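Each chain is listed here by its residues.
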Amino acid sequence: MLNLILDDFMVELKDGAIKNVGPSNKSGTAKLFDVESAEAREFGDKRVKIVCEDDEGNEVQVALFPEQVREIARDIEALEDDSPVFE
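Residues numbered from 1 in each chain as written. Predicted model: local features only at pLDDT ≥ 70, side-chain atom pairs only at ≥ 80, totals over all residues. Heavy atoms only, no water.

- Per an unreviewed UniProt entry, the protein is named LSM domain-containing protein, and its organism is Halorussus caseinilyticus.

And the structure:
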């Protein structure tokens, strides 16, 4: 399930074209639940891309620098040690 939250988001649809309307202060949040597959792969020569997809074909991609990936790996290791999620 893909959940999108868009703030201050307005576009104009005219003759099949989408055009930004208003200021460029838009923001958004994407959440993907019930992930069926997740993988990490190289993205360019300086980043790692995490790709997650659900069974409906919704996909979220996140490009991270190596130190960010290491921080997440440490967080997961800590959860494995301390959290009942991994029991």
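There's more to say after this.
### Details of the environment of Ala 40
Moving on, step 1. In this fold, Ala 40 is placed in strand E5 (residues 35-43).
Moving on, step 2. The spacing of Ala 40 and Gln 61 is 21 residues in sequence and 9.7 Å in space, taken between C-alpha atoms.
Moving on, step 3. Sequence-distant contacts of Ala 40, that is, excluding residues within four places in its chain, are made with Val 48, Lys 49 and Ile 50. (Helix = DSSP H or I, 4+ residues; strand = E, 2+ residues; numbered from the N terminus. Contact = heavy atoms within 4.5 Å.)

### Observations concerning the pairing of strand E3 (residues 17-20)
Moving on, step 1. Where strand E2 (residues 11-14) and E3 come together, four bridges link them in antiparallel fashion. Its bridge partner lying in E3, Lys 14 is registered against Ala 17.
Moving on, step 2. Taking the residues that link successive antiparallel strands as the turn, the E2-E3 hairpin has two residues, and the phi of Asp 15 there is positive, at about 55 degrees. (Pairing = 2+ DSSP bridges.)

### Describing the environment of Lys 19
Moving on, step 1. Topologically, Lys 19 is positioned in strand E3.
Moving on, step 2. For Lys 19, a relative accessible area of 52% gives the class exposed.
Moving on, step 3. Along the sequence, Lys 19 and Asp 55 sit 36 residues apart, while their C-alpha atoms lie 31 Å from each other.
Moving on, step 4. If near-sequence neighbours (up to four positions away) are discounted, Lys 19 is found in contact with Val 11 and Glu 12. (Buried < 20%, exposed > 50% of the residue type's maximum accessible area, 1.4 Å probe, protein only.)

### Let's talk about the layout of surface pockets
Moving on, step 1. Approximately 190 Å³ is the volume found for the largest pocket.
Moving on, step 2. Taken together, Ile 50, Leu 64, Val 69, Ile 72, Ala 73 and Ile 76 form the lining of the largest pocket.
Moving on, step 3. If one sorts the elements of the lining of the largest pocket by residue count, helix H1 (residues 66-82) sits on top with four residues.
Moving on, step 4. The residue inventory of the lining of the largest pocket, partitioned by class, reads six nonpolar, no polar and no charged. (1 Å grid on protein atoms, 1.4 Å probe; cavity = no way out; pocket = protein on both sides within 12 Å on 5 of 7 lines; lining within 4 Å. Points joined across faces, edges and corners; volume = space filled by probe spheres on them. Nonpolar A, V, L, I, M, F, W, Y, C, P; charged D, E, K, R; others polar.)

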